[in-house]
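Listed here are the chains, written in short residue letters.
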Amino acid sequence: MSEVTSTLPTGAQASESVATRRGRGLFSNEDWWSVWLGLGLIVVAWALFASGSSIKWLAVAPAKWSEVGQAVGDLTAHLPNYVALFALFALLFGSGLAVLGQRLVHFLPSFLILFVAAVAIFFVGAWTQASHYNLEPPLVALVLGLLVSNLVRLPEWFLAGLRVEFYIKVGIVLLGATLPLTLFVWAGPVAVGQATIVSLVTFFTIFLAGRALGLDKRFAAVLGVGGAVCGVSAAIASAGAVRAKREQASVAITLVVLWAIVMIFVLPFASKALGLSTGVAVNIVVGYVLSAHLFAGHWDGLH
């Protein structure tokens, strides 16, 4: 496995090594398990839909609220849905990690805490005044994560649930399932071809520039993918695929985020300098920001 996908808490290293020695088969690492879990959910959802049912009841999300009582009432009414959603993901992620040598006695309580925290963050984002105070779920999660990581010493057992790469990779598979093929038809061959050319040119430009500067080819590849699709998730997924070092993935992610922040402020001025109309300029900026957050897994927080 890659260094990005094989980090486990102390105490699980021995069992992880055993899982690694079993070979690099179709169930030997997080990358493959991400594919199987994501495709499995897609197949089950399709089968239920074909039979006249669906998994829509699992797609639970907080309703907008203006008073705490409304939030509590909404949570109480949909508590079975949240419990079922937790049970489903705990079963899926737990099954994969158990095969990889992770001790579920550590993972399950850690994942429960993360799940409850995520639900609480989304309830904060559902507050009717949240947008006024910029309390979107991604930003709240970012601030909370920074505070916890810098001010709180987490117990070793809690690290078992911090499988960020694993969660994101499964999310990438599921995100791909939401992209209708008809979108390519509506966009037309010119738009699809343009996007393909831009992505490939961007990737090879960054990759070859990195190699010319003496960067490790794995690091250059992660930088190229992260820049080509403007995505944190893309950088994480590609880092696991090319077996990049953890610090290389971290640097690539940081560069993607910083560059996105810079471009948010630069693009409006650049558009104005080029004489673009206000509508076109707004579409460029919004398109750039949405694409960055979409591939970073933040679409729900923005939409």
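Reading guide: rules and limits
Residues numbered from 1 in each chain as written. Predicted model: local features only at pLDDT ≥ 70, side-chain atom pairs only at ≥ 80, totals over all residues. Heavy atoms only, no water. Helix = DSSP H or I, 4+ residues; strand = E, 2+ residues; numbered from the N terminus. Buried < 20%, exposed > 50% of the residue type's maximum accessible area, 1.4 Å probe, protein only. Contact = heavy atoms within 4.5 Å. Areas by Shrake-Rupley, 256 points an atom, 1.4 Å probe, with all protein chains shown as cover. Expected span 1.5 Å × (residues − 1). Axes fitted to C-alpha atoms, helices over the stretch in contact; angles between N-to-C directions. Parallel < 35°, antiparallel > 145°, perpendicular 65-115°, else oblique. Left-handed = near helix turned anticlockwise from the far one by under 90°. Nonpolar A, V, L, I, M, F, W, Y, C, P; charged D, E, K, R; others polar. Core = buried A, V, L, I, M, F, W, Y, C linked by side-chain atoms within 4.5 Å. Phe/Tyr/Trp six-rings, centres within 6.5 Å; stacked < 30°, edge-to-face > 60°. Patch = residues over 30% accessible without salt bridge, like charges linked within 9 Å, V, L, I, M, F, W, Y side chains within 5 Å. Salt bridge = Lys/Arg side-chain N within 4 Å of Asp/Glu carboxyl O. pLDDT = per-residue confidence, 0-100.

### Regarding the overall build of the chain
- Counting secondary structure elements, the chain contains 13 helices and zero strands.
- Mapped from its N terminus to its C terminus, the chain presents α and β elements in the order α-α-α-α-α-α-α-α-α-α-α-α-α.
- Relative to its full complement of 303 residues, the chain shows a buried share of 31%.
- Restricting the contact set of the chain to residue pairs at least 6 apart, pairs at least 24 apart contribute 68%.
- For the chain, the computed accessible surface area is about 17,900 Å², with 73% contributed by carbon and sulfur atoms.

### Details of helix 5 (residues 104-125)
- Counted at 1.5 Å a residue, the expected span for helix 5 with its 22 residues is 32 Å, and the 31 Å between its end C-alpha atoms agrees.
- For helix 5, the complete set of buried residues consists of Phe-107, Ser-110, Phe-111, Phe-115, Val-119, Ile-121, Phe-123 and Gly-125.
- On its buried face, helix 5 sits against helix 3 (68-77), helix 4 (79-99), helix 6 (137-151) and helix 7 (164-177).

### Observations concerning the packing of helix 2 (residues 30-50) against helix 4
- Running from amino to carboxyl end, helix 2 crosses helix 4 at an angle of 150°, the nearest separation of the two axes being 10 Å. By the angle class used here, helix 2 and helix 4 are roughly antiparallel. Between helix 2 and helix 4 the crossing geometry is right-handed. On helix 4, the residues touching Glu-30, Trp-33, Leu-37 and Leu-41 of helix 2 are Leu-88, Phe-89, Leu-92, Phe-93, Ser-95, Gly-96, Leu-97 and Val-99.
- By residue class, the composition of the contact of helix 2 with helix 4 is nine nonpolar, two polar and one charged.

### Regarding the nonpolar core
- Counting residues in hydrophobic clusters, the biggest one holds 25 residues, and the most contacted among them are Leu-37, Phe-93, Phe-107, Phe-111, Phe-123 and Phe-166.
- Sorting the residues of this core by element identifies helix 2, helix 4, helix 5 and helix 7 as the ones contributing at least two each.
- The dominant element in this core, judged by the number of residues it contributes, is helix 4, at eight residues.
- Setting aside anything within four residues of it in sequence, one finds Phe-123 in contact with Pro-62, Trp-65, Ala-71, Asp-74, Leu-75 and Tyr-82.
- Within the second largest apolar cluster, eight residues are counted, among which are Phe-219, Val-222, Ala-235 and Ala-252.

### Considering the packing of aromatic side chains
- A complete count under the given rule lists 15 aromatic pairs for this structure.
- The interplanar angle of 65° and the centroid separation of 4.8 Å between the aromatic rings of Phe-93 and Tyr-167 together place this pair among those described as edge-to-face. On the criterion of sequence distance, the pair formed by Phe-93 in helix 4 and Tyr-167 in helix 7 is long-range, its members being 74 residues apart.
- Of the residues examined, Phe-93 reaches a relative accessible area of 6% and is grouped as buried.

### A closer look at a nonpolar patch on the surface
- Taken together, the side chains of Leu-139, Leu-142, Val-143, Leu-146, Leu-147, Leu-151, Val-152, Leu-154, Leu-159 and Leu-162 present a nonpolar region at the surface, about 860 Å² in accessible area.
- As for its placement among the helices and strands, Leu-162 is situated in the loop between helix 6 and helix 7.

### Some remarks on the pattern of salt bridges
- Applying the stated rule across the entire model yields two salt bridges.
- Note that Arg-163 and Glu-30 form a salt bridge whose closest N and O atoms lie 2.2 Å from each other. On the criterion of sequence distance, the pair formed by Arg-163 in the loop between helix 6 and helix 7 and Glu-30 in helix 2 is long-range, its members being 133 residues apart.

### Points about the confidence of the model for the chain
- Across the chain, the average pLDDT comes to 78, with 80% of residues at or above 70.
- Of all helices and strands in the chain, the one with the weakest mean pLDDT is helix 13 (residues 299-302) (34), whereas helix 3 scores best (94).
- Note that residues 1-23 has pLDDT below 50 and, in this model, 49 contacts with residues that lie over four places away or in other chains.
- This model gives residues 292-303 a pLDDT under 50, and the stretch forms 23 contacts once residues within four places in sequence are excluded.

### Observations concerning the environment of Ala-126
- Position of Ala-126 relative to the elements: it lies in the loop between helix 5 and helix 6.
- Taking the relative accessible area as the measure of exposure, Ala-126 reaches 6% and is therefore buried.
- C-alpha of Ala-126 to C-alpha of Ala-63: the two residues are 63 residues apart in sequence and 6.2 Å apart in space.
- When neighbours within four sequence positions are excluded, Ala-126 is seen to be in contact with Pro-62, Ala-63, Lys-64 and Trp-65.

### Observations regarding the side chain of Ser-110
- Mapped onto the elements, Ser-110 comes out in helix 5.
- Leave out the neighbours within four places in its chain, and Ser-110 touches Trp-157, Phe-158, Ala-160, Gly-161 and Leu-162.

### Points about the packing of helix 4 against helix 5
- Direction vectors running N to C along helix 4 and helix 5 enclose 140°, while the axes themselves pass 10 Å from each other. What the angle tells us is that helix 4 and helix 5 run oblique. The way helix 4 lies across helix 5 gives a crossing that is right-handed. For the pair helix 4 and helix 5, contact is made by Tyr-82, Leu-85, Phe-86, Phe-89, Ala-90, Phe-93, Gly-94, Leu-97 and Ala-98 and by Leu-104, Phe-107, Leu-108, Phe-111, Leu-112, Phe-115, Val-119 and Phe-123, respectively.

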